[in-house]
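# Close look at the chain arrangement
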Amino acid sequence: MSRKQVFQFLEMPREMPRRIPVELRTAGDWGELYGRFGAQEARHQSGRCLDCGNPYCSWKCPVHNAIPQWLQLVQENRISEAADLCHSTNPLPEVCGRVCPQDRLCEGSCTLNDGFGAVTIGAVEKYIVDTAFEQGWRPDLSAVEPTGYRVAVVGAGPAGIACADRLARVGVQAVIYDRYEQIGGLLQFGIPTFKLDKAVIARRREVLEGMGIQFRLGVEVGRDVSMEQLLEEYDAVFLGTGAYRYTDGGLPGQDAEGVLPALPFLVQNGRIVTGADPATTQSRPIAGWEDLIKVPDLAGRRVVVLGGGDTGMDCVRSAIRLGAGRVTCAYRRDEASMPGSAREVANAREEGVRFLFNRQPLGIETDAQNRVTGVRVVETRLGEPDARGRRVAVPIEGSESVIEADVVIIAFGFSPTVPEWMTKLGIEGTSNGRIVAGGEERLPYQTTHPRVFAGGDAVRGADLVVTAVAEGRDAAASIAELLGTQTPVRTPQYAE
Ligand code: FAD
Ligand code: SF4
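Residues numbered from 1 in each chain as written. Chains lettered and ligands numbered in written order. Predicted model: local features only at pLDDT ≥ 70, side-chain atom pairs only at ≥ 80, totals over all residues. Heavy atoms only, no water.

### Some points on the overall build of the protein chain
Rules: In this text, helices come from DSSP runs of H or I with a minimum length of four residues, and strands from runs of E with a minimum of two, each type numbered from the N-terminal end. Relative accessibility under 20% of the residue-type maximum defines a buried residue, over 50% an exposed one, and the middle range a partly exposed one, all with a 1.4 Å probe and only protein chains included. Whether two residues are in contact is decided by their heavy atoms, any of which lying within 4.5 Å being enough. Working definition of accessibility: Shrake-Rupley area with a 1.4 Å probe, residue cover restricted to the visible protein chains. The positive count covers Lys and Arg only, the negative count covers Asp and Glu only, and His and the chain ends enter neither. One atom stands in for each charge, and that atom is NZ of Lys, CZ of Arg, CG of Asp or CD of Glu.
Secondary structure assignment for the protein chain yields 18 helices and 16 strands. For the protein chain, the spread of C-alpha atoms along the principal axes amounts to about 70 × 60 × 45 Å. Looking at the 496 residues of the protein chain, the share that counts as buried comes to 54%. In the protein chain, the proportion of contacts linking residues at least 24 apart, taken out of those at least 6 apart, comes to 70%. Looking at the protein chain as shown, the accessible area adds up to about 20,800 Å², and 47% of this sits on carbon and sulfur atoms. Positive and negative charge centroids in the protein chain, built from 54 and 64 side chains respectively, lie 3 Å apart.

Structure follows, in structure tokens:
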């Protein structure tokens, strides 16, 4: 790299791809917020990489992408090779490039963060893969010999897809089961279109089918097909069933008219936005919320979203696009403690969302007809860290108030469950509903049943797309090890 190239970051500021103007977003535009770099912009932004010799970005990335190497390939316009390299560590790079909280991961660790602005890693990752696909690039499995082994994957979310992808690359037939009629898990039924266009998932399905992966959609394991049947028919099973147990907070009055759980709201609204049938029975993602959610008319109404994570941000930004009059996010800690991406908070703020930090909800206020009129909150200060190291929100006596609302959306998060169809086969769970996987006496991601593996939100609790991908990928390596076949890479192979 020449001296001029090394110092490109001095002349070339960090830039993100163009965004849909805020006036269109607030007027109801559901398109993906960020556009895509043109070839020259991608080269310029990639050229800002210092190639610092110690790529913190790669180590902070949960799948350990070979970031400096693919940035160099983009500068040389070698897009197919860059796409190969992206896929060598990450089965869903175009998705991660769009939805990873880069400010907390790769870009957050970029050396240029020291006042110059990180390299726009996620946007370049999206550019590489979208461009390669458009140019006809596809994963090349022509040298793969079929082994005759077959593995059932339960869950077509990021964890299941990543596992199936790696198995296909070593000649193991993967068959993915999902209760939904489309693949993607929360990528399809959860994350809104303004963060991830659903055409991206449809294209990935085509790619996966081209790799020989089969789907059995609209099939719920434990209801339509038993785990015993899967174990009889397949050599091993991978469980990537996600985390769908809703944390409702137990607020007094939460059964009032106008109080909505976040995920069914997002799922149903997503169906309407994408033109899918909202009345399908597969719209019931959470046990206990058996009724289909009817998305209320939010036009001109006061919406309060409780919770400050990714789901909360998706709810406030959806409410804005649905024409709500005023949208407020109430969060019990301070802004710095918000668990999601700072970029998403900034986008929400720009779209007109009001944030009330250090407000803990105490209950839902209602009128005589049991319709919501507001949320009673108490102000908090941050106390000592809890067992997980997060500072506890301590209520301040005498600081109660009411935030007026016509609609309240509860977005306190999700946790997994270990259903009876798993436990009766000896698959153990933890007290908080996570599937036990890995540990000293087992292969990584192997459950307490020797032929069953698990990963993603079902094992680690609700987290991120990229961590689910990492776990599905590495579980495939363990499955291959069990079967005694060629093992797909567990740790990344960097380019020379
Ligand atoms: P899932 O994506 O939940 O997939 C599990 C799949 O298993 C589902 O399709 C489900 O139908 C299927 N399944 C479950 N049980 C059965 C059964 N018995 N039979 C058949 N199929 C079954 N992460 C980010 O990195 N960035 C974001 O911006 C982001 N935004 C988010 C927004 C929302 C609203 C939510 C809820 C989450 C968000 N996340 C985000 C988190 C991310 O989506 C998840 O961590 C990730 O999808 C987990 O992947 P998974 O494969 O483990 O589970
Ligand atoms: Fe960054 Fe996510 Fe891509 Fe890793 S997968 S490089 S964390 S955007």
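### A closer look at the site of ligand 1
The condition that has to hold: Each residue is tested against the molecule or strand, and it is near if at least one of its non-hydrogen atoms lies within 4 Å. N or O atoms within 3.5 Å of each other form a polar contact, as long as, within protein, one can give a hydrogen and the other can take it, and as long as residues adjacent in sequence are counted only when both atoms are side-chain atoms. Note on residue classes: Ala, Val, Leu, Ile, Met, Phe, Trp, Tyr, Cys and Pro are nonpolar, Asp, Glu, Lys and Arg are charged, and everything else, Gly too, is polar. Note that the domain bounds reflect an automated or database-derived domain assignment.
As a structural note, the neighbourhood of ligand 1 is formed by 34 residues, with Val-99, Asp-178, Lys-195, Tyr-244 and Asp-457 the closest of them. Note that an oxygen atom of ligand 1 is positioned 2.9 Å from one of the backbone N or O atoms of Asp-457. Here Val-465 contributes a backbone N or O atom positioned 3.0 Å from an oxygen atom of ligand 1. The fraction of the free accessible surface of ligand 1 (1,000 Å²) that becomes covered by protein chains is 97%. Examining the composition of the shell around ligand 1, we find that three residues originate from one element, helix H14 (residues 310–321), more than from any other. In terms of residue class, the shell around ligand 1 is built from 17 nonpolar, nine polar and eight charged. Mapping the shell around ligand 1 onto the domain boundaries places at least three of its residues in each of domain 2 (150–243 + 416–483) and domain 3 (245–414).

### Some points on the sheet that holds strand S9 (residues 354–356)
This is how the line gets drawn: Strand pairing is defined by DSSP finding a minimum of two bridges between the two strands. Fitting a line to C-alpha atoms yields each axis, with helices limited to the stretch in contact; the angle taken between N-to-C directions then spans 0 to 180 degrees.
Here five strands make up an open sheet; going across it, the order is S6-S14-S7-S8-S9 and the pairing parallel. At either margin of the open sheet sits one strand with a lone partner, and together these are strand S6 (259–261) and S9. The sheet shows a mean angle of 20° between the axes of neighbouring strands, direction not considered. When strand S7 (residues 302–306) meets strand S8 (residues 326–330), the two strands line up parallel, connected through five bridges. Pairing of Arg-302 across the sheet is with Arg-326, part of S8.

### Observations concerning the site of ligand 2
Every residue close to ligand 2 is listed here: Cys-61, Asn-65, Ile-67, Asn-90, Cys-96, Cys-100, Gln-102, Leu-105, Cys-106, Ile-121, Glu-125 and Val-466. Across the shell around ligand 2, the residue classes break down as eight nonpolar, three polar and one charged.

### A few points about the domain arrangement of the protein chain
Quick reminder of the rule: For any pair of parts, buried area is found by adding up, for both, the accessible area (1.4 Å probe) each one loses once the two are put together. Here, a salt bridge means any side-chain nitrogen of Lys or Arg that lies within 4 Å of a carboxyl oxygen of Asp or Glu.
Partitioning the protein chain into domains gives domain 1 (3–134), domain 2 (150–243 + 416–483) and domain 3 (245–414). The interface is formed by 16 residues belonging to domain 1 together with 15 residues belonging to domain 3. Carbon and sulfur atoms make up 48% of the surface buried where domain 1 meets domain 3, a total of about 1,300 Å² over both sides. When residues of domain 1 are sorted by the area they lose upon contact with domain 3, Arg-25, Trp-30 and Asp-103 head the list and together hold 42% of the total. Applying the counting rule to domain 1 against domain 3 returns three salt bridges.

### Looking at the sheet that holds strand S16 (residues 452–454)
With parallel pairing, the five strands of this open sheet are ordered in space as S3-S2-S1-S4-S16. Lying at the two open borders of the sheet, with one neighbouring strand each, are strand S3 (214–217) and S16. Each neighbouring strand pair of the sheet contributes to a mean axis angle of 20°, computed without reference to strand direction. The pairing of strand S1 (residues 150–154) with strand S4 (residues 236–239) spans four bridges and is parallel. The partner of Val-153 across the bridge, within S4, is Phe-238. Running at roughly 165° to strand S2 (residues 173–178), helix H10 (residues 158–168) makes contact with S1, S2 and S4 of the sheet.

### Looking at the nonpolar core
We apply this condition: Put simply, buried Ala, Val, Leu, Ile, Met, Phe, Trp, Tyr and Cys residues joined by side-chain atoms within 4.5 Å make one nonpolar core.
Among the nonpolar cores identified, the biggest contains 79 residues, and Trp-70, Ile-128 and Ile-479 are the most heavily contacted of them. Broken down by element, the residue count for this core peaks at nine residues, all from helix H18 (residues 465–483). Residue contributions to this core reach at least three from each of two domains, namely domain 1 (3–134) and domain 2 (150–243 + 416–483). The residues contacting Ile-479, other than those within four sequence positions of it, are Val-151, Cys-163, Leu-167, Ala-236, Phe-238 and Phe-453. Judged by nonpolar contacts, the second largest core, of 27 residues, contains Leu-298, Val-303, Ile-320 and Ile-409.

### Considering helix H11 (residues 198–210)
Our working rule: To estimate how far a helix should reach, multiply one less than its number of residues by 1.5 Å.
Over its 13 residues, H11 runs 19 Å from end to end, which matches the ideal 18 Å to within 8%, given 1.5 Å per residue. Where H11 is concerned, the buried positions are Lys-198, Val-200, Ile-201, Arg-203, Arg-204, Val-207 and Leu-208. Close packing links the buried residues of H11 with helix H7 (79–89), helix H8 (93–99), helix H9 (121–134), H10 and S3. Just downstream of H11 lies Gly-212, where phi reads positive at about 95°.

### Some remarks on the pattern of salt bridges
Tallying each qualifying case throughout the model produces 36 salt bridges. In this structure, Asp-406 and Arg-302 form a salt bridge, with 2.9 Å as the shortest nitrogen-oxygen distance. Taken together, the residues span a long stretch of sequence, with Asp-406 in the loop between strand S13 (401–404) and strand S14 (407–410) and Arg-302 in strand S7 at a distance of 104 residues. Exposure remark for Asp-406: the relative accessible area of 22% places this residue in the partly exposed category. A cluster of three or more residues bridged by salt bridges with shared partners is formed by Arg-19, Arg-25, Arg-317, Arg-321, Arg-343, Glu-344, Glu-350 and Glu-351.

### With respect to the side chain of Arg-25
By secondary structure assignment, the location of Arg-25 is in helix H3 (residues 22–26). For Arg-25, a relative accessible area of 2% corresponds to the buried category. Setting aside anything within four residues of it in sequence, one finds Arg-25 in contact with Arg-19, Ile-20, Leu-33, Arg-321, Asn-347, Glu-350 and Glu-351.

### Regarding the environment of Asp-248
Looking at the secondary structure, you find Asp-248 in the loop between strand S5 (245–246) and S6. On the basis of relative accessibility, which here comes to 29%, the residue Asp-248 falls in the partly exposed class. With sequence-adjacent residues up to four places away left out, Asp-248 is seen in contact with Gln-254, Ile-410 and Phe-412.

### Let's talk about unusual backbone geometry
Positive phi outside glycine occurs at Asn-358, with the angle close to 55°. Tracing the chain through its elements places Asn-358 in the loop between S9 and strand S10 (359–366). Non-glycine residue Tyr-445 carries a positive phi angle of around 75°. Locating Tyr-445 in the fold gives a position in the loop between helix H16 (420–423) and S16. Take Tyr-445: its relative accessible area is 19%, and that puts it in the buried class.

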